[in-house]
Amino acid sequence: MWRWVRQQLGFDPPHQSDTRTIYIANRFPQYGHYTPQKFIDNRIISSKYTVWNFVPKNLFEQFRRVANFYFLIIFLVQLMIDTPTSPVTSGLPLFFVITVTAIKQGYEDWLRHISDNEVNGAPVYVVRSGGLVTTRSKNIRVGDIVRVAKNEIFPADLVLLSSDRLDGSCHVTTASLDGETNLKTHVAVPETAVLQTVANLDTLIAVVECQQPEADLYRFMGRMTITQQMEEIVRPLGPESLLLRGARLKNTKEIFGVAVYTGMETKMALNYKSKSQKRSAVEKSMNTFLIIYLIILISEAIISTILKYTWQAEEKWDEPWYNQKTEHQRNSSKILKFISDFLAFLVLYNFIIPISLYVTVELQKFLGSFFIGWDLDLYHEESDEKAQVNTSDLNEELGQVEYVFTDKTGTLTENEMQFRECSINGTKYQEINGRLVSEGPTPDSSEGNLSYLTSLSHVNNLSHLAAGSSFRTSPENGTELIKEHDLFFKAVSLCHTVQISSVQTDSIGDGPWQSSFAPAQLEYYASSPDEKALVEAAARFGVVFVGNSGEIMEVKTLGKLERYKLLHILEFDPDRRRMSVIVQAPSGEKLLFVKGAESSVLPECIGGEIEKTKIHVDEFALKGLRTLCMAYRQFTSKEYEEINRRLFEARTALQQREEKLAGVFQFIEKDLILLGATAVEDKLQDKVRETIEALRMAGIKVWVLTGDKHETAVSVSLSCGHFHRTMNILELLNQKSDSECAEKLGQLARRIREDHVIQHGLVVDGTSLSLALREHEKLFMDVCRHCSAVMCCRMAPLQKAKVIRLIKISPEKPITLAIGDGANDVSMIQEAHVGIGIMGKEGRQAARNSDYAIARFKFLSKLLFVHGHFYYIRIATLVQYFFYKNVCFITPQFLYQFYCLFSQQTLYDSVYLTLYNICFTSLPILIYSLLEQHIDPHVLQNKPTLYRDISKNRQLSMKTFLYWTTLGFSHAFIFFFGSYFLIGKDTSLLGNGQMFGNWTFGTLVFTVMVITVTAKMALETHFWTWINHLVTWGSILFYFVFSLFYGGILWPFLSSQNMYFVFIQLLSSGSAWFAIILMVFTCLFLDIVKKVFDRQFHPTNIEKAQMYSNTVAFSDEFIALQPLSRARNQLSKLRWKKIRVQSAQHMNLLKASTEGRTVGTC
């Protein structure tokens, strides 16, 4: 425990050297004085606070705010010197603000702790003391041997020791790390692969030496030294031996591995960006405005102090007969007296800085965030997930987004590849209901004598094929199948690295080219999602890959089992962009099957329907499908002997192995016969294209950042509408040096300038991006800014975060949003101004570390265009209104000093000073900031261009700020001088002949002010509910009732009774009532005239939409803002005039016959 505490405080660094030595099972050497290295435990920490640092860290963050720090200083000043107001007037609101904010932030961090504890407390199996024991994930130590079963997630970074397979291999998916759902194969060293039981592993004596932790997911270097029979065997370790935390074990019953990196040192954790305090643009504007008001405050205090001493320069005013100085006051230092008076005026005017603004903003953000979770439109019924808010501090930032950075796999797509079409021997087919249908007319057409497959009569029949095939010619020609189709689907079934977990083949391949194959019978796992989809498609058409045993690959063709011997695999690499297999057919022929991108396969072909296939591939690409070409070559015995010899020499070479292999591969993969092409669709999530288009219309630039391959990413970008067909696609790929990268960037910049009329899209890979960001940031950013869409592929997690940071610090300083679903997206989610996690199939790391979590990408449009728009308008009005009403509050106090010889006499009673912001004027603006809907939500979502009107913080611009400030000063002058002219001539306004006094004058000003600022809030409200009516008119009523109660009783605990009977006397005067009505009308009349004039002659887009929305019937958007349970109850109670049922589970409520809008009850 003490060691853990020291590590948390930074006093006990866990390691010092450049490498780490790990004794497997922590069997340390018994000889000598060996001191084992210290490593951290396996805890994952995503929270920001601990029990020890919550108070100091939270207080530090809160007092970074200008208003909080300012009021702390004012409170201390009130404690130290004699001031006109009590320290309670500043200390109590400050304490309330700090406490409420701390509780809110503490609660949010407590939720993160719960999430962390769930991960850290997960049960795991560890080999200790010769047995398998159960412990918690957080208790795993470096050196422990951990057992992981099928479909479980690795709890730490493990070096694979053994699996249930004899060769020590296993398959994993790293979807939560790099976004790829394909299987990756990992292997153990031969000496440990045979240790498949706990008893055998207990005899293992071995040491692992490896590099210290680093963030690169694809880099690992180390070695294992195994001691067997007093002999040491050294084996190298690479990435293929390392199982990363967050990855999932697939297609393997169980594995054993030794933990080498734990906790926050795992590669997954190192790719998390450290959590930092995010601050919204609105909060930054608030701080700017507060500084301006602080300058106004200091200026007023200085002016008042100077005028006081100027006035007191005359002896009669320096020491009047009714206010004689004491001896101490006469002898005190004039400088100290000047400073004391300045501080006293500072305290007197300090309410111009609205401390209650912050607590109201905190409440608005916290309470307002529940509306996102209550929104039924953001609820995904299939997964039973509703939207989550992890950080409510950024609600209004949702309305300011200028860049969206999105992951691809699992965010834009469903991670489900589906076979759609293919081209075989120059004829194009598509799959319809499990059958391949050609482009020609179908049997259902008027030309009923034509077949599903047309133009096939020129091909030889295969007599061994059954007659029930869906590949059949017209009845006149009988049933025939062609050799090219047979060969094509055999190539698909053999040229891959697919694995099978179970085999049930009794009912597979019963009919030619259409079988009763059910996906549940064979569970395929592939190193590429395309391979899985293609092998499954071939199985549906009668050529079923049923597994491999050693070097034998078994394929069931139309019910007949065939065995092919796998001779060589020519692995895929990004330079060749293809893979190949060399197999020996049952007849003894040596065949090469090649599969790859059309740009790498077609140039090597010398036969087949090359031109027709090329046209078909282009057509597939236009549909956004992922394409691959299939080809083959038959070797003679002499050719194969030469190929086999060359491959052996290249693979055993110690120098330049990669270059030699590339040369041999090129020698083999030539003179090919083209078989055809496949088209696979990576199924997009629902409404992705519409969402991206809406984001574009809203003026938001969309970047796709993915770890996937270039071809795959571009294909999905085209299919989802990120790239348009009319775009000029620019590429920055495979750059090898800084100079080459700079030259390429210059070429791209020139092309953009030359073709400035058309839209451009940019594709860049991770390697080229690293070079561009190293030396050519400015040029790279210049190219990106002129591109309508940017797609970055082969991105490491930290590279994603660096790209976002580069955009954030650009001269425009745009607001960024990052959205993703895997652990590989956590860094960019935390780097962006707003981070959104998708609750998808890749785990919950992104959702846990995000600011907001949603179930589908399509929900992003409503989150931004409706919720973001509402939150921003609400809080922008809240901020401006707070400054306005505080200017109205304090300016009469400043003006009053001119009439009281700057004696620091307060115009208002101290109780009114304290309660003005807390009680009398707080609720109307709070309710407005929670419920206001200035435009129908349906209009906002269907007109994304309205989002542009609030971008770049327009509602908090300096122009708007000055308008509200000027309005506050003008209203304050009307309050003060209107009241002054009413009673300034010693007019008797009471029935008994008495005149108004000082406190009556101040109360009259205060009464007009409370009514006016509340009525001003009513003018700003567009969406009225019973709650708005209650708090608006209730606040005015409460002020009158409280004043009557407060001034009608002699309170024994008060030191002074200045307000006794004052308010009652004020209300007994008809002239006072007339003055109140006249001043309130005068203040608001000009404001009303301005609004009407602007709306009629210079309406903004939002005002036009408001007029339009008034004609639109209420939709279920309003109900969606209520809690789920209340919304459902509300639906059952309302009387709907028209209901249109769209599906069994979804009803679109068109129009309610009730009078009030249902959101009024939320």
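Since the model is a prediction, treat every value here as computed from it, not as a measurement.

Criteria and thresholds
Residues numbered from 1 in each chain as written. Predicted model: local features only at pLDDT ≥ 70, side-chain atom pairs only at ≥ 80, totals over all residues. Heavy atoms only, no water. Buried < 20%, exposed > 50% of the residue type's maximum accessible area, 1.4 Å probe, protein only. Helix = DSSP H or I, 4+ residues; strand = E, 2+ residues; numbered from the N terminus. Arc of directions from axis to C-beta. Salt bridge = Lys/Arg side-chain N within 4 Å of Asp/Glu carboxyl O. Contact = heavy atoms within 4.5 Å. UniProt positions renumbered as here; feature names shortened; annotations may be inferred. Polar contact = N/O pair within 3.5 Å; in protein donor to acceptor, adjacent residues only side chain to side chain. Core = buried A, V, L, I, M, F, W, Y, C linked by side-chain atoms within 4.5 Å.

**Let's talk about helix α25 (residues 777-785)**
Right, on to step 1. Within α25, the full set of buried residues consists of Phe780, Met781, Val783 and Cys784. Each buried residue of α25 sits inside an arc of 160° when the element is viewed along its axis, so together they form one side.

**A few points about the pattern of salt bridges**
Between side chains of opposite charge, pairing is possible as soon as their charged atoms come close.
Right, on to step 1. Scanning all chains against the criterion turns up 39 salt bridges.
Right, on to step 2. Asp341 serves as the salt-bridge partner of Lys337, at 3.5 Å between the closest nitrogen and oxygen. Here Lys337 pairs with Asp341, and both are found in helix α12 (residues 334-349), just four residues apart, close to one helical turn.
Right, on to step 3. Its relative accessible area of 37% is what places Lys337 among the partly exposed residues.
Right, on to step 4. Taking the relative accessible area as the measure of exposure, Asp341 reaches 2% and is therefore buried.
Right, on to step 5. Residues Glu831 and Lys808 are paired through a salt bridge, measuring 3.0 Å at the closest nitrogen-oxygen approach. With a gap of 23 residues between them, Glu831 in helix α27 (residues 826-831) and Lys808 in helix α26 (residues 797-808) connect regions that are remote in the sequence.

**Observations concerning the environment of Ile927**
Right, on to step 1. Its place among the elements puts Ile927 in helix α31 (residues 922-931).
Right, on to step 2. Assessed through its relative accessible area of 12%, Ile927 is described here as buried.
Right, on to step 3. Linking Ile927 and Arg874, residues 53 residues apart in sequence, is a C-alpha distance of 9.8 Å.
Right, on to step 4. Excluding residues that lie within four positions of it along the chain, Ile927 makes contacts with Glu932, Ile1027, Asn1028 and Val1031.

**As for the UniProt feature "binding site: Mg(2+)" (unreviewed entry) in the protein**
Right, on to step 1. The UniProt record annotates "binding site: Mg(2+)" (unreviewed entry) at Asp407, Thr409, Asp821 and Asp825. Spatial clustering of the annotated residues is evident: they stretch over 419 residues in sequence, but the largest pairwise C-alpha distance comes to 10.8 Å.
Right, on to step 2. Taking the relative accessible area as the measure of exposure, Asp821 reaches 0% and is therefore buried.
Right, on to step 3. Only 3.4 Å separates the side chain of Asp821 from the side chain of Thr411, close enough to count as a polar contact.
Right, on to step 4. Turning to its location among the elements, Asp825 is positioned in the loop between β33 (816-820) and α27.
Right, on to step 5. In this view, Asp825 contacts Asp407, Lys800 and Gly820; residues no more than four positions away in its chain are not counted.

**Regarding the UniProt feature "active site" (unreviewed entry) in the protein**
Right, on to step 1. With numbering matched to this structure, UniProt assigns "active site" (unreviewed entry) to Asp407.
Right, on to step 2. Note that Asp407 resides in the loop between β15 (403-406) and β16 (413-424).
Right, on to step 3. With sequence-adjacent residues up to four places away left out, Asp407 is seen in contact with Leu412, Leu705, Thr706, Lys800, Ile819, Gly820, Asp821, Asn824, Asp825 and Met828.

**Examining the nonpolar core**
Right, on to step 1. Residues Leu817, Leu860, Leu864, Val879 and Phe1006 are the most contacted members of the largest nonpolar core, which totals 157 residues.
Right, on to step 2. Ranked by residues supplied to this core, first place goes to helix α29 (residues 859-896) with 25 residues.
Right, on to step 3. Those residues in contact with Leu860 that sit more than four places away from it in its chain are Val404, Leu695, Leu817, Ile819, Ile836 and Ile854.
Right, on to step 4. Listed in part, the 48 residues of the second largest apolar core include Phe39, Ala156, Leu195 and Leu243.

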